[in-house]
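The chain contents come next:
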Amino acid sequence: MDLRIFDSAAEIARAASEIFVQHIKKFPNACLGLATGASPLETYRCLIEDYQKGLVSFRQVRTFNLDEYCDLPEEDKNSYHSFMKDNLFSHIDISMENTHFPNGNAADMEAECKRYDQLILSSGGIDIQLLGIGVNGHIGFNEPSDVFSEGTNKVRLTESTIRSNKIYFQDGKMPTYAVTMGIGSIMNAKKIILLAIGEGKAEAIRRTVKGELTPNCPASILQKHPDATLLIDREAAKKL
Ligand code: PGA
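Everything numeric here is computed off the predicted structure, so don't read it as measured data.

K.L.:
Tell me about the site of the ligand, and please be specific about residues and values.
P.N.:
Neighbouring residues of the ligand: Gly37, Ala38, Ser39, Gly132, Ile133, Gly134, His138 and Lys201. For the ligand, an oxygen atom lies 2.8 Å from a polar atom in the backbone of Ala38. At 2.7 Å from an oxygen atom of the ligand is found a side-chain nitrogen or oxygen belonging to His138. Partitioning the shell around the ligand into residue classes produces two nonpolar, five polar and one charged.

Here it is, written out as structure tokens:
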């Protein structure tokens, strides 16, 4: 793992966005794996800024988001569809038909998971996958478990994740299920960039970098990825 420690979230975002911009300049139809949550927000702001300055175009870029809540309409302001529109897609020149999500409201979830895996595969696979990390070591919504998941799957969210994400749901009613790319899908990405900001992530980062490789800390699988870069701040690095 390539571990880089920064003084601020702004520096992390600049470093992450530069990796994306350089790649898109070389490969205008790049296939990007995107994440939601607080961690990538600043990175998306940097990408928007670079687009506005004319430094990069997303016209041919294709994106696959990691996950989406189940039983929440796509148009809900807390859906990850809305998050991506609000924080990235509506500010850049990407074609919305090139943006993909797993459907958290599919009637046949097994078929939906297969469809998403197949679509990623037929798009040539993900070039760069952006990740946050949960305080419990989850990546995507792959929660601590006895086994590493393979492809896209439906998961029940843990109490820890519900506690972390509930702040976004003003009425306090947060979905308890989600559909997420699996650990196998994430590991298939050619390059992975994981962002971690703040002391709350320090234990998860310690377990990811120095702990045993175990599905009890899903992010520990990254020890095995040939091209995983961790961009973290000093607080998140406190336990290393
Ligand atoms: P955060 O979430 O970026 O909002 O901290 C990360 C995650 O839970 O994967």
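Additional details are given in the paragraphs that follow.
K.L.:
Mind laying out helix H2 (residues 41–52), listing which residues take part and the relevant values?
P.N.:
Over its 12 residues, H2 extends 17 Å from the first C-alpha to the last, a length consistent with the 16 Å expected when each residue adds 1.5 Å. Those residues of H2 not exposed but buried are Thr43, Tyr44, Cys46, Leu47, Ile48 and Asp50. On its buried face, H2 sits against helix H1 (9–26), strand S2 (31–34), helix H3 (80–87), strand S6 (128–131) and strand S9 (191–196). Positive backbone phi, at 80°, marks Gly54, one or two positions downstream of H2.

K.L.:
Please set out the side chain of Asn165 residue by residue, giving values where relevant.
P.N.:
Mapped onto the fold, Asn165 is located in helix H5 (residues 159–165). A polar contact is formed between the side chain of Asn165 and the side chain of Tyr69, at a distance of 3.2 Å.

K.L.:
Could you give me a rundown of the packing of H2 against H3, with the residues and numbers involved?
P.N.:
In the contact formed by H2 and H3, the axes pass within 10 Å of each other and the chain directions differ by 40°. Judged by the angle between their axes, H2 and H3 are oblique. Each of Leu41, Tyr44 and Ile48 in H2 lies in contact with H3, whose residues at this interface are Phe83, Met84 and Asn87. For the contact of H2 with H3, the class distribution of residues is five nonpolar, one polar and no charged.

Basis of the calculations
Residues numbered from 1 in each chain as written. Predicted model: local features only at pLDDT ≥ 70, side-chain atom pairs only at ≥ 80, totals over all residues. Heavy atoms only, no water. Near = heavy atom within 4 Å. Polar contact = N/O pair within 3.5 Å; in protein donor to acceptor, adjacent residues only side chain to side chain. Nonpolar A, V, L, I, M, F, W, Y, C, P; charged D, E, K, R; others polar. Helix = DSSP H or I, 4+ residues; strand = E, 2+ residues; numbered from the N terminus. Expected span 1.5 Å × (residues − 1). Buried < 20%, exposed > 50% of the residue type's maximum accessible area, 1.4 Å probe, protein only. Contact = heavy atoms within 4.5 Å. Axes fitted to C-alpha atoms, helices over the stretch in contact; angles between N-to-C directions. Parallel < 35°, antiparallel > 145°, perpendicular 65-115°, else oblique.

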